[in-house]
Amino acid sequence: HKGHARRLFSGICGVLKKVIEEETFVPESAFELEDGNQQKTMDPADVVPDAKSTEALDYIKACTLCLSAYLEGLVERRTDTTNSDDRKRSSVIDVALEVAQLLHGILLSLHSCGTKGIQVQTNIASLCETWWMQRFVDREAMVPMLMLYLVAKTLDGTAQSRMSNLSF
């Protein structure tokens, strides 16, 4: 089944890189707000979605859900006899790690993408948290943006205290 997963995530990865490089997930109205408005904080409700960014955000969400499902499958396959050292080294296919790193990299950028961007941001944060909690390979790479996201959510009062789950 690794071959199927590798082909799936290879296809996902190529398109995801293009979406991120071209910033097609950011609605045009967000660029207008950044350029014409001098306020320091942008309310996601002020961002008007457009067809191109909506499609890109839907794609990013689908990528996140596919990767989450893949991780859930790996967790289910673990046996009860797996010791903590083996769990610490739980590996994923390399291209799935690359997709996770791409998603992690845009986590904070999604705040300026309106309410749909906030929803996708929540999905990616959950993915990063699962990656950490289930001790997948290179889990330290999934934490920097997640911690900033959780701190920001805590400061604006919209997050439950999930940081305690990320014990180091």
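Remember, it's a predicted structure, so these values are computed and weren't measured experimentally. (Residues numbered from 1 in each chain as written. Predicted model: local features only at pLDDT ≥ 70, side-chain atom pairs only at ≥ 80, totals over all residues. Heavy atoms only, no water.)

A. The packing of helix α6 (residues 114–133) against helix α7 (residues 144–155), seen in detail. One way to put it is that α6 packs onto α7 with a least axis distance of 10 Å and a crossing angle of 125 degrees. Here α7 runs oblique to α6, going by the angle between their axes. The handedness of the crossing between α6 and α7 is left-handed. Residues Ile118, Gln121, Thr122, Ala125, Cys128 and Glu129 of α6 touch α7, and the partners they reach there are Leu146, Tyr149 and Lys153. Here the residues of the contact of α6 with α7 sort into 5 nonpolar, 2 polar and 2 charged. (Axes fitted to C-alpha atoms, helices over the stretch in contact; angles between N-to-C directions. Helix = DSSP H or I, 4+ residues; strand = E, 2+ residues; numbered from the N terminus. Parallel < 35°, antiparallel > 145°, perpendicular 65-115°, else oblique. Left-handed = near helix turned anticlockwise from the far one by under 90°. Contact = heavy atoms within 4.5 Å. Nonpolar A, V, L, I, M, F, W, Y, C, P; charged D, E, K, R; others polar.)

B. Structural context of the packing of helix α1 (residues 2–22) against helix α5 (residues 94–105). Running from amino to carboxyl end, α1 crosses α5 at an angle of 25 degrees, the nearest separation of the two axes being 9 Å. In this view, α1 runs roughly parallel relative to α5, as classed from their interaxial angle. Handedness of the crossing formed by α1 with α5: left-handed. Of α5, the residues touching α1 (which contributes Arg6, Phe9, Ser10, Ile12, Cys13, Leu16, Lys17 and Ile20) are Asp94, Val95, Ala96, Glu98, Val99, Leu102 and Leu103.

C. Up close: α1. Here α1 spans 30 Å end to end across 21 residues, near enough to the 30 Å set by a 1.5 Å rise per residue. Regarding α1, the residues found buried are Ala5, Phe9, Ile12, Cys13, Leu16, Val19 and Ile20. Buried residues of α1 fall within an arc of 135 degrees about the axis and therefore sit on the same side. Away from the buried face of α1 by more than 90 degrees, exposed residues Arg7 and Glu21 are located. Where α1 is buried, its residues meet α3 (51–77) and α5. (Expected span 1.5 Å × (residues − 1). Buried < 20%, exposed > 50% of the residue type's maximum accessible area, 1.4 Å probe, protein only. Arc of directions from axis to C-beta.)

D. A look at the side chain of threonine 24. With respect to the helices and strands, threonine 24 occurs in the loop between α1 and α2 (28–36). Of the residues examined, threonine 24 reaches a relative accessible area of 12% and is grouped as buried. When residues no more than four places from it in sequence are discounted, the contact partners of threonine 24 are Val19, Lys52, Ser53 and Ala56.

E. α6, seen in detail. Relative to the 28 Å expected for 20 residues at 1.5 Å per residue, α6 spans 29 Å between its end C-alpha atoms, a close match to the ideal helical length. Taken residue by residue, α6 has Gly114, Gly117, Ile118, Val120, Gln121, Ile124, Ala125, Leu127, Cys128, Glu129, Trp131 and Trp132 as its buried positions. Positive backbone phi, approximately 60 degrees, marks arginine 135, located one or two places after α6.

F. Region of interest: the pattern of salt bridges. Enumeration according to the criterion identifies 3 salt bridges in this entry. With a shortest N-O distance of 2.7 Å, lysine 116 and aspartate 58 are connected by a salt bridge. Separated by 58 residues along the polypeptide, lysine 116 in helix α6 and aspartate 58 in helix α3 bring together distant segments of the chain. Note on lysine 116: relative accessible area 27%, which makes it partly exposed. (Salt bridge = Lys/Arg side-chain N within 4 Å of Asp/Glu carboxyl O.)

G. Summary view of unusual backbone geometry. Of note in the backbone geometry, arginine 135 takes a positive phi value of approximately 60 degrees without being a glycine. Structurally, arginine 135 can be placed in the loop between α6 and α7. Notably, aspartate 138 is not glycine yet its phi reads approximately 55 degrees, a positive angle. With respect to the helices and strands, aspartate 138 occurs in the loop between α6 and α7. For aspartate 138, a relative accessible area of 38% puts it in the partly exposed group.

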